[in-house]
Amino acid sequence: MPRLVIGQNPCDQVFVIAKGEPMKPTLAPFPATRLRRMRKSPAMRALARQNTLTVDDLIWPVFVMDGTDDETPIGSMPGVTRKTVDRVAKAAVEAQAMGIPAICIFPYTGMEARTEDCAMAWDPDNLTNQAIRAIKTAAPDIAIMTDIALDPYNINGHDGFVEDGEIVNDRTVEALVKMGLAQADAGADILGPSDMMDGRIGAIRQALESHGHQNVAILSYTAKYASAFYGPFRDAVGASSVLTGDKNTYQMDPGNSDEALRLVERDLREGADMIMIKPGMPYLDICRRIKDSFGVPTYAYQVSGEYAMLQAAAQNGWLDGEKVMMESLLGFKRAGCDGILTYFAPAVAKLLNG
């Protein structure tokens, strides 16, 4: 490869010229180059910082349960509770005041409301839809995201209908469309299909357009892996004790990355506005590949298992909880994410707001 050397002094820059490529300086030899110069003080580090975390990057997942003016701790998720609808609305007011742009609702459904037909999933008065309306009244400026999957309402604990031991696709998609329309009717701003059924993005987008919900966004859980990091979440929504079998036939194989790109392309063609990778920290390479390949709004979910292990280590004094919380979220930004769903959102917002 031809080289062009500017000057003869070893402190001078050396440029490599390649046809069709811009000139890129290589580093001058030590001591002309001392990379620590840009790390010597907080001010210098701030000037050189490539990625930053702000409150605008946060989506706060919350769990809603039946009742009034009450909340219940989730044992496997220290610091996280299930809240009644009125308390979720109050939490949304606090989140809005801290500048958190979005809140995501997950319902805790008891066994008495779980059925084979999952009809509660699209009931206008289910917990999710009650919470949407309450938040819209109490904190109208915060964006409301929802979850679209049948597992909170399914007696089998799966994201889709189970027929003869198989999680069926097309019948499930029909139910997901009804679920999404009910949430949009209640006032949701962002729908989050997390089910991983084929064709559900296109079906939901078509239904939204035909029912006057053209401005409702879809944040598709496009690359959702069959992960062991979901355990505490299943406790939180009451699915751990009812799940039969596993979700390997519809969630992604953890060994695959090229498949994620195919899924992203498909979901974008079908009408997704944003893309989600789940879990987060073990799949930062997927975040980077998706962002580099498509350049679309890209998000990751720092899931319950990631949150729980950091909290457990911090509570045992093994890690500095505040520092690892911030470092873990900055890692998502460095990997190309535009935002993160994290249970740390209120604590992070308080820190960032001083």
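Worth saying up front: this structure is predicted, and the values here are computed from it rather than measured.

Asks: Whenever I open this one, the side chain of arginine 200 confuses me. Can you help?
Replies: Its location among the elements puts arginine 200 in helix α5 (residues 200-210). Polar contacts involving the side chain of arginine 200 include one to the main-chain carbonyl oxygen of tyrosine 221, which spans 3.1 Å. The residues touching arginine 200, leaving out its near neighbours within four places in the chain, are Val173, Leu176, Pro193, Asp195, Ser220, Tyr221, Arg266, Asp267 and Glu270.

Asks: Help me out: how do you make sense of the pairing of strand β13 (residues 274-278) in this one?
Replies: Note on strand geometry: in a regular strand, side chains alternate between the two faces of the sheet. Summarising burial for β13: 5 of the 5 residues are buried, a large majority. Where burial is concerned, the two faces of β13 agree: the one with Met274, Met276 and Lys278 and the one with Ile275 and Ile277 are both buried. As paired elements, strand β12 (residues 217-224) and β13 share 5 bridges and run parallel to each other. From the neighbouring strand, lysine 224 faces β13, where its bridge partner is lysine 278. With 3 bridges connecting them, β13 and strand β14 (residues 298-301) associate as parallel partners.

Asks: What is the right way to read empty space enclosed by the protein from this model?
Replies: As enumerated under the stated definition, the model contains 1 cavity of 30 Å³ or more in all. Estimated volume of the largest cavity: approximately 100 Å³. For the largest cavity, the full set of lining residues is Asp147, Ala149, Asp151, Asp159, Ser194, Lys224, Tyr230, Phe233, Arg234, Lys247, Gln251 and Lys278. The residue makeup of the lining of the largest cavity, split by class, is 3 nonpolar, 2 polar and 7 charged.

Conventions and cut-offs
- Residues numbered from 1 in each chain as written.
- Predicted model: local features only at pLDDT ≥ 70, side-chain atom pairs only at ≥ 80, totals over all residues.
- Heavy atoms only, no water.
- Helix = DSSP H or I, 4+ residues; strand = E, 2+ residues; numbered from the N terminus.
- Polar contact = N/O pair within 3.5 Å; in protein donor to acceptor, adjacent residues only side chain to side chain.
- Contact = heavy atoms within 4.5 Å.
- Buried < 20%, exposed > 50% of the residue type's maximum accessible area, 1.4 Å probe, protein only.
- Pairing = 2+ DSSP bridges.
- 1 Å grid on protein atoms, 1.4 Å probe; cavity = no way out; pocket = protein on both sides within 12 Å on 5 of 7 lines; lining within 4 Å.
- Points joined across faces, edges and corners; volume = space filled by probe spheres on them.
- Nonpolar A, V, L, I, M, F, W, Y, C, P; charged D, E, K, R; others polar.

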